[in-house]
Amino acid sequence: MRNPWIGRFGLVAALVPGLAACNSHPLKQVELKSEQEKDGNVSVAINRDVDILFVIDNSRSMALEQGTLARNFGPLLERLELPDVKANYRIAVTTTDNGGTYCIGKDAGDFKAQSCLSRAVDFQTTTGEDYFDVACADVCNHEQIEILPSKIFQNAEEKPRPWIENIAGVTNIGGDVSPVEAFQCLGPQGVTGCGFESPLESMRLGLLQANEDVSSEYGFMRPGAILAVVFVTDEADCSARYGEVPDPWLLDGSRALWSEENRNNGDLTSEVCWYAGVECEQSPDGSQECWAVDKKADGSETDSEDDAVLYPLARYTAFMDEIQERKRKINPDQDVLVAVLTGVPTDYDGGRIHYGAGPDPQFVLDHGIGAGCDSVNGKAAPPVRLAEFASQYKGDESDVNLFSVCDGDYTKAMETIAEAIGKQVRPPCVETCVADEDPSTPGLQHACQVEEEYITPSGATEIVQIPRCITTDDGFEFPEGADVCYRSLTDFEERTESSVDDMSATCSDEGWNLELSFERRDNAPPPAGARVQARCSVSRFTSSDCPSLTA
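In this text, all values refer to a predicted model and were calculated from it rather than measured experimentally. (Residues numbered from 1 in each chain as written. Predicted model: local features only at pLDDT ≥ 70, side-chain atom pairs only at ≥ 80, totals over all residues. Heavy atoms only, no water.)

Colleague: Please set out unusual backbone geometry residue by residue, giving values where relevant.
Modeller: With a phi angle near 55°, Ala 168 is a residue other than glycine that sits in the positive phi range. Summarising the element assignment, Ala 168 is placed in the loop between β7 (164–167) and β8 (170–171). Residue Arg 255 is not a glycine yet carries a positive backbone phi of 60°. Mapped onto the elements of the fold, Arg 255 is located in the loop between β9 (226–232) and α6 (260–265). (Helix = DSSP H or I, 4+ residues; strand = E, 2+ residues; numbered from the N terminus.)

Colleague: Now, about the pattern of salt bridges: what can you tell me, with residues and values included?
Modeller: Here the structure, examined in full by the defined rule, presents 21 salt bridges. Linking Arg 60 and Glu 129 is a salt bridge whose minimum nitrogen-to-oxygen distance equals 3.1 Å. Of this pair, Arg 60 sits in the loop between β3 (49–56) and α1 (63–71) while Glu 129 sits in the loop between β4 (88–95) and α3 (132–137), and the two are 69 residues apart along the sequence. Here Glu 129 falls in the partly exposed class, since its relative accessible area comes to 28%. The salt bridge involving Glu 322 is made with Arg 326; its shortest N-O contact spans 3.6 Å. Of this pair, Glu 322 and Arg 326 are both found in helix α8 (residues 313–328), four residues apart, which corresponds to roughly one turn of the helix. Judged by relative accessible area, Arg 326 falls into the buried class, the value being 18%. Put simply, Glu 201, Arg 204, Glu 305 and Arg 315 are held in one network by salt bridges that share partners. (Salt bridge = Lys/Arg side-chain N within 4 Å of Asp/Glu carboxyl O. Buried < 20%, exposed > 50% of the residue type's maximum accessible area, 1.4 Å probe, protein only.)

Colleague: An account of the sheet that holds β9 is needed here, citing residue identities and associated values.
Modeller: A sheet is described by the order of its strands in space; here seven strands give the open sequence β8-β7-β4-β3-β9-β12-β15, paired in mixed fashion. The open sheet is flanked by β8 and β15 (402–404), the only strands paired with a single partner. As judged from the seven bridges shared by β3 and β9, these two strands associate in the parallel manner. Considered in β9, the bridge of Val 55 is made with Phe 231. (Pairing = 2+ DSSP bridges.)

Colleague: A description of the state of the cysteines should follow, citing residues and the corresponding values.
Modeller: Inspection of every chain in the model, using the stated rule, returns 10 disulfides. Between the sulfur atoms of Cys 280 and its disulfide mate Cys 290 the distance is 2.0 Å. Across the disulfide from Cys 280 to Cys 290, rotation about the S-S bond amounts to roughly 110°, and the bridge is consequently right-handed. Taken together, the residues Cys 280 in strand β10 (residues 278–282) and Cys 290 in strand β11 (residues 288–292) connect sequence positions 10 residues apart. Overall, Cys 290 belongs to the buried group, its relative accessible area being 11%. In this model Cys 448 forms its disulfide with Cys 536; the gap between the sulfur atoms is 2.1 Å. Across the disulfide from Cys 448 to Cys 536, rotation about the S-S bond amounts to roughly 120°, and the bridge is consequently right-handed. Taken as a pair, Cys 448 in strand β16 (residues 448–455) and Cys 536 in strand β22 (residues 531–537) lie far apart in primary sequence, 88 residues in all. For Cys 536, a relative accessible area of 1% translates into the label buried. (Disulfide = S-S within 2.5 Å.)

Colleague: If you had to explain α8 to someone new, which residues and values would you point to?
Modeller: The first and last C-alpha atoms of α8 sit 22 Å apart over 16 residues, in line with the 22 Å expected at 1.5 Å per residue. Within α8 the residues assigned to the buried category are Leu 313, Tyr 316, Thr 317, Phe 319, Met 320, Ile 323, Gln 324, Arg 326 and Lys 327. Considering only its buried residues, α8 is in contact with α5 (199–209), β9, β11, β12 (337–342) and α10 (385–390). (Expected span 1.5 Å × (residues − 1). Contact = heavy atoms within 4.5 Å.)

See below:
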């Protein structure tokens, strides 16, 4: 099968050669990433593009959780819209419904962009329960969400796209509707999805479609953008190979992956997902240690994907690793990020996950394991496959990226996810001590040359000089003929009365003496995946030019 990534995305340009300059200070290249390299070159983050995919469980037990997510979604965007971040974000939603032997239809990673108020039937179960109010009507105020036409990196055609976006402060949401309000209506996905949830496979299919030019999802992932995936589910991952290995799901099958009681009663439950992908052993404290494995229909372990009941985790780590590798060719320090709202305790802090039978025998029969949490939102199965997958993509090793789906308030989870993204969307500090070319004049008089480099959809590298903005009493003006210019922010200790030259708290606290602020005309958004490179004179007098670095 053709690899859908090759030739489509992430073509990488070489670094711009050194610019010639003559002055009394050495020139140091400043390229936009996040930390100083060992060879002495300095990098500054300027990539503000963030693509976030929410994979939301739409099975019958998820009504309260969907309502909680919608109510507590705001802190995520508040953090991404802070002055120090100003992320150019896209947010898409898909479900965990990838079909199953006894499931009708499947979403298979399709992006959802229709207000829940117009989908009342999605919140009604076949047994008469109606969750429309708690999951949708109590949090959504808009019968319709108008998606305005927008462009993608791959072509300039403007048309509505099935996602929320805010690029350079311009959203694709019509009317007087904010991105938060839009998500509060698009996020709730109902309770009629398949009960054998497939969050990992749905993620993979959704992101594959984002790279196929025949799909409406095409173009969602920008080549240089930070990618974050957020799973919201109360079940174990059941990304199953139904067609290739049908036996575990058949009432007249071997039932080797069924518990004895369910086997005797003929009750097929999602315990099969647990027994097909997890192995556990008893610990001295009475709990269990559990880990992901690949099993055949007869319950034995296998090293071959060809006869595994569930798709192996390696399928998804390899997929994400490839995306991450291609992004790192554009922005070398970039990480793919994953977060999971799942069956861990409400006070979970990143430590050991407890697995055990628990006090509810029926829950064990339904799920294969005791509940990992139990609170206002109900019970949830603890994760194994999702936890192991997420552990590979959490940015800093100390970060926590598993959160309790049982919690009645997801604010902390949303803030923590946003903080992890924000670490990669840094303000453009120039991470070296820049020389003051004219100490007799107040402020920093620097010698920097700035370029913007990006890759066109055809794969060609474009390099554009960025001029300095013209300073005025009211702020700045664009140089004649320029759609973008940069301002120098040099006030790191509030030395001047004006706030126009104030550096961000991040750059100031870290001790740098220059931050580049890029201004664009309203009709000139930044090219997708663009990076800015600069060459600045490096100070020989750090103690005076950057006193905070030597304090």
